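# Structure at a glance
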Amino acid sequence: MNKYEYIDDGHIYLVNGVIVPSVSEILKKIFPDKYKNVPEETLTRKAAYGTIIHNYIEQYEKGIITIELNYIQEASFNQYLRLKDKYNIKVLEQEKIVNYKDIYAGRFDMIAKIENQKCLCDIKTTASLDKEYLSWQLSLYEYAYGKKFDKLYAIWLPKKELGKLVEIKRKSKKEINKLLEEIKNG
């Protein structure tokens, strides 16, 4: 049985002690200029905000909250609660590491029942939602998980507008295999 590890410092995934590329690294190859014109300080600040919201939601779903939110973060969390109630979201699993044949690894945000369908979800706090990026991200997680979900969703919690549950189109098996072949061949 494979042993999976995640090292937060450096965003490193290990499978049986060997470093494998992350889904994020693969996405950087597909979208090399995604954050090209965004200052490093802005990226760091926005990533920290997103991490706090992710962690708070994870803790909330486990029933153990150790983080305190400021009023802006609390507004994002309240949007999550509104969506959870509106769409009858029931979290089944969170933050699980998945690995595809030691070619790549990643950690998805959650599997949830949404309106009685089993769905793979990613939480985003970005100002705009990049559906093409999310299509690859969630499709790669699903592929590594090894089971097809009824739907893929973004739980989008932007600061300046109402949160939304956005269905994300999955990539085909053919598209993913083509990408994996490119990765294997360098």
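No experiment lies behind these values; they were computed from the predicted model shown.

What follows deals with the environment of Cys119. Along the polypeptide, Cys119 turns up in strand β6 (residues 117–124). With 72 residues separating them along the chain, Cys119 and Ala47 place their C-alpha atoms 24 Å apart. For Cys119, the contacting residues outside a window of four places in its chain are Met110, Ile111, Ala112, Ile114, Phe149, Lys151 and Tyr153.

On to helix α5 (residues 173–184), then. Owing to its 3.6 residues per turn, the α-helix brings residues three or four apart onto one side. For α5, with 12 residues, the first-to-last C-alpha span of 16 Å sits near the 16 Å given by 1.5 Å per residue. Packing partners of the buried residues in α5 comprise α1 (23–30), β4 (90–100), β5 (104–114) and α4 (131–145).

A few words on the sheet that holds strand β3 (residues 18–20). Reading across from one edge, β1-β2-β3 is the order of the three strands in this open sheet, with antiparallel pairing throughout. Two strands close off the open sheet at either side, each with one partner strand: β1 (4–7) and β3. Here the strands of the sheet are splayed against their neighbours by 35° on average, with no regard to which way each runs. In the sheet, β1 pairs with strand β2 (residues 12–15) via four bridges, with the strands oriented antiparallel. Looking across to β2, one finds that Ile7 is bridged to Ile12.

A disulfide bridge is the covalent bond that connects two cysteines by way of their sulfur atoms. Taken as a whole and assessed by the stated rule, the structure comprises zero disulfides. Here Cys119 is not disulfide-linked; the sulfur of Cys121 is the nearest cysteine sulfur, at 5.7 Å. Judged by its relative accessible area of 0%, Cys119 falls in the buried class. Looking at Cys121, the relative accessible area reads 0%, which means it is buried.

Looking now at α1. Val23, Ile26 and Leu27 are the residues of α1 that are buried. Looking straight down α1, one finds its buried side chains confined to an arc of 100°; they lie on one side. Exposed side chains of α1 directed beyond 90 degrees from the buried face belong to Lys28 and Lys29.

Right, let's get into the environment of Glu115. Looking at the secondary structure, you find Glu115 in the loop between β5 and β6. Spatially, the C-alpha atoms of Glu115 and Lys101 are 32 Å apart, while their sequence positions differ by 14 residues. Setting aside anything within four residues of it in sequence, one finds Glu115 in contact with Tyr87 and Asn88.

For the rest of this paragraph, the subject is the packing of aromatic side chains. In total, this model carries eight aromatic pairs according to the counting rule given. Here the aromatic rings of Tyr60 and Phe77 are separated by 5.1 Å at their centres, their planes lie at 70°, and the arrangement is edge-to-face. With a gap of 17 residues between them, Tyr60 in helix α2 (residues 40–62) and Phe77 in helix α3 (residues 71–86) connect regions that are remote in the sequence. When its relative accessible area of 32% is taken as the criterion, Tyr60 is described as partly exposed. In this structure Phe77 comes out as buried when scored by relative accessible area, which is 6%. Among the aromatic residues, those joined into a cluster by ring pairs are Tyr56, Tyr60, Phe77 and Tyr80. Seen from the ring of Tyr49, Lys159 lies directly overhead, with NZ or CZ sitting 4.3 Å from the centre.

Parameters at a glance
- Residues numbered from 1 in each chain as written.
- Predicted model: local features only at pLDDT ≥ 70, side-chain atom pairs only at ≥ 80, totals over all residues.
- Heavy atoms only, no water.
- Helix = DSSP H or I, 4+ residues; strand = E, 2+ residues; numbered from the N terminus.
- Contact = heavy atoms within 4.5 Å.
- Expected span 1.5 Å × (residues − 1).
- Pairing = 2+ DSSP bridges.
- Axes fitted to C-alpha atoms, helices over the stretch in contact; angles between N-to-C directions.
- Disulfide = S-S within 2.5 Å.
- Buried < 20%, exposed > 50% of the residue type's maximum accessible area, 1.4 Å probe, protein only.
- Arc of directions from axis to C-beta.
- Phe/Tyr/Trp six-rings, centres within 6.5 Å; stacked < 30°, edge-to-face > 60°.
- Lys NZ or Arg CZ within 6 Å of the ring centre and 35° of its normal.

Any functional reading would require information that these geometric values do not contain.
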